[in-house]
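# Tertiary structure, described
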Amino acid sequence: GRARGNKGSASFPPVPPPLRFTQVVMNLPQGSLELLDCFVGIFDRHTWPADALPRINAYAFSKAVDPEGDVGATAAAALGLEATAAALGPGVTYRRVRLVAPGKYMMLVSFVLPQAAAYR
């Protein structure tokens, strides 16, 4: 039979708050910087306010004389920003993980996803 006292009104569970991730690790040094474009324009300010944007940790190889500048500029360009390391914003860090061959470093670049890329 039909439940009494429930005259057609439906009861739905409350909508849970949005889940947010805080870190991304891209541990594919040969191609992780080229994959950064997957983050461009996929965030909305309601769910992801600026102070909640994730930190991106991307490994990459560099043969440049300035490997930090090289991976920073490449990451910024992949995000559709000016192709300079400074375009990643404040708080960016670099680490020379290891020398994999003469003149070739495995690098780690870590930065908070810039708003200019996140909300495009």
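To keep things clear, this report deals only with the structure shown in the data block. No experiment lies behind these values; they were computed from the predicted model shown.

Conventions adopted
Residues numbered from 1 in each chain as written. Predicted model: local features only at pLDDT ≥ 70, side-chain atom pairs only at ≥ 80, totals over all residues. Heavy atoms only, no water. Helix = DSSP H or I, 4+ residues; strand = E, 2+ residues; numbered from the N terminus. Buried < 20%, exposed > 50% of the residue type's maximum accessible area, 1.4 Å probe, protein only. Pairing = 2+ DSSP bridges. Axes fitted to C-alpha atoms, helices over the stretch in contact; angles between N-to-C directions. Contact = heavy atoms within 4.5 Å.

## Concerning the environment of Ala64
Locating Ala64 in the fold gives a position in the loop between β2 (55-62) and α1 (67-78). Residue Ala64 is classed as partly exposed on the basis of its relative accessible area, which comes to 30%.

## So, the sheet that holds strand β4 (residues 104-112)
Picture the strands of a sheet paired through backbone hydrogen bonds; they go either parallel or antiparallel. In spatial order, the strands read β1-β2-β4-β3; together these 4 strands make up an open sheet with mixed pairing. In this open sheet, the two edge strands, each paired with only one partner strand, are β1 (23-26) and β3 (93-101). Taken pair by pair, the neighbouring strands of this sheet meet at an average axis angle of 20 degrees, ignoring direction. Sheet strands in contact with α1 are β2, β3 and β4, and its direction is about 50 degrees off that of β4.

## Topic: the pairing of β1
On β1, burial follows the alternation: Val24 and Met26 on one face are buried, whereas Gln23 and Val25 on the facing-out side are not. Strand direction decides the pairing type here: β1 and β2, joined by 4 bridges, are parallel. Counted as the bridge partner of Val25 is Asn57 from β2.

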